[in-house]
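Topology and contacts: notes
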Amino acid sequence: MRDSTTKAMAGPRPVVLSGPSGAGKSTLLKKLMKEYDSIFGFSVSHTTRNPRPGEENGKDYHYVTRETMQAGIDNGEFIENAVFSGNMYGTSKAAVQDVQAKNLICILDIDMQGVRNIKTTDLNPIYISIQPPSMEVLEKRLRERKTESEENLQKRLNAAKVDMQFSKEPGVFDAIIVNDNLEEAYGQLKNALLEVSDHYNTASASSNTSTRFHPCTHQMKTF
Ligand SMILES: Nc1nc2c(ncn2[C@@H]2O[C@H](COP(=O)(O)OP(=O)(O)O)[C@@H](O)[C@H]2O)c(=O)[nH]1
Ligand SMILES: Nc1ncnc2c1ncn2[C@@H]1O[C@H](COP(=O)(O)OP(=O)(O)O)[C@@H](O)[C@H]1O
């Protein structure tokens with residue numbers, strides 16, 4: 001059902017990045033955000049999982065208890081929420097509004113349940129799937145990341161099999177990027193952001209030849 005509280009406002013379309021845990025979404029997003037920090041803004045999700053070393057509350061996630069998260073959901077504060085590997089995750093309306101208020105293109109990193117749920121809302125994002133070259137490579141990268149217990153790792157690998165099938169469903173994603181070589185995948189991500197939307201265009205920066213994103217304003221829905 002559509003959220004009847006949504007209202008239209010001018011602004012660029014958000015971007016959803018999805019794909020298996022370990023596919024490289026955070027790595028690619030961090031590169032994009034570093035290069036184009038005046039263009040893109042990250043939608044900071046809520047989660048009940050513990051922070052990893054180096055992660056910052058309010059930057060990577062809002063780390064909350066189950067009780068706090070459930071209260072927020074019950075109170076209608078979330079656009080979507082899901083349980084992944086035993087933890088709750090969700091995109092609050094405030095997370096998206098905070099980015100839009102800065103006139104930045106909002107980027108969401110969400111799982112496939114989130115993709116399905118967002119498709120029932122008026123957010124109208126561009127959907128990009130980041131996929132690993134193979135299950136073997138995914139497992140190797142997840143193990144080398146050293147962030148997960150064996151149990152969590154197995155849960156992520158099981159979810160990844162379903163996710164890889166989901167990404168092949170016609171019409172779900174505007175672009176699918178296989179993250180084999182990081183620089184190539186990053187180039188493809190930038191191209192996908194340009195190609196999948198008429199609302200982006202490129203121009204040479206005055207002082208160098210790097211590609212710049214210039215979002216045009218158009219009608220979009222916000223929460
Ligand atoms: N539905 C939904 N999924 C989210 C949200 N935030 C993160 N996720 C997904 O939750 C999964 C686990 O994220 P995380 O614990 O950070 O582990 P990682 O993907 O292995 O780095 C990933 O697939 C994320 O895309 C959210 O707000 N909503
Ligand atoms: N193209 C790549 N080649 C090799 N390692 C990569 C590549 N992309 C990401 N990684 C590494 O794989 C691990 C998983 O990437 P990450 O960005 O955390 O994935 P996700 O956010 O999708 O869970 C990280 O340790 C990251 O440094």
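Residues numbered from 1 in each chain as written. Chains lettered and ligands numbered in written order. Predicted model: local features only at pLDDT ≥ 70, side-chain atom pairs only at ≥ 80, totals over all residues. Heavy atoms only, no water.

1. A closer look at the site of ligand 1
- As a matter of local geometry, ligand 1 sits amid 18 residues, with S21, R49, Y61, Y89 and D109 nearest to it.
- Contacts to ligand 1 include R52, whose side-chain N or O atom sits 2.9 Å from an oxygen atom.
- A distance of 2.6 Å is found between an oxygen atom of ligand 1 and a side-chain nitrogen or oxygen belonging to Y61.
- Considering ligand 1 on its own, with 570 Å² of exposed area, one finds that the protein chains cover 97% of that surface.
- Of all the secondary structure elements, the ones that give two or more residues to the shell around ligand 1 are strand 6 (78–84) and strand 7 (87–92). (Near = heavy atom within 4 Å. Polar contact = N/O pair within 3.5 Å; in protein donor to acceptor, adjacent residues only side chain to side chain. Areas by Shrake-Rupley, 256 points an atom, 1.4 Å probe, with all protein chains shown as cover. Helix = DSSP H or I, 4+ residues; strand = E, 2+ residues; numbered from the N terminus.)

2. Some words on the UniProt feature "domain: Guanylate kinase-like" (unreviewed entry) in the protein chain
- UniProt records the feature "domain: Guanylate kinase-like" (unreviewed entry) for residues 12–194 in the present numbering.
- Along residues 12–194, the helical share is 42% and the strand share 22%, with 13 Å between the first and last C-alpha atoms. (UniProt positions renumbered as here; feature names shortened; annotations may be inferred.)

3. Quick word on the site of ligand 2
- G22, K25, S26, T27 and R145 are the nearest of the 14 residues found near ligand 2.
- Backbone polar atom of D180 to a nitrogen atom of ligand 2: 2.9 Å apart, as the coordinates give it.
- A distance of 3.3 Å separates a nitrogen atom of ligand 2 from a polar atom in the backbone of L182.
- Elements represented by at least two residues in the shell around ligand 2 include exactly helix 1 (25–35) and helix 5 (135–145).

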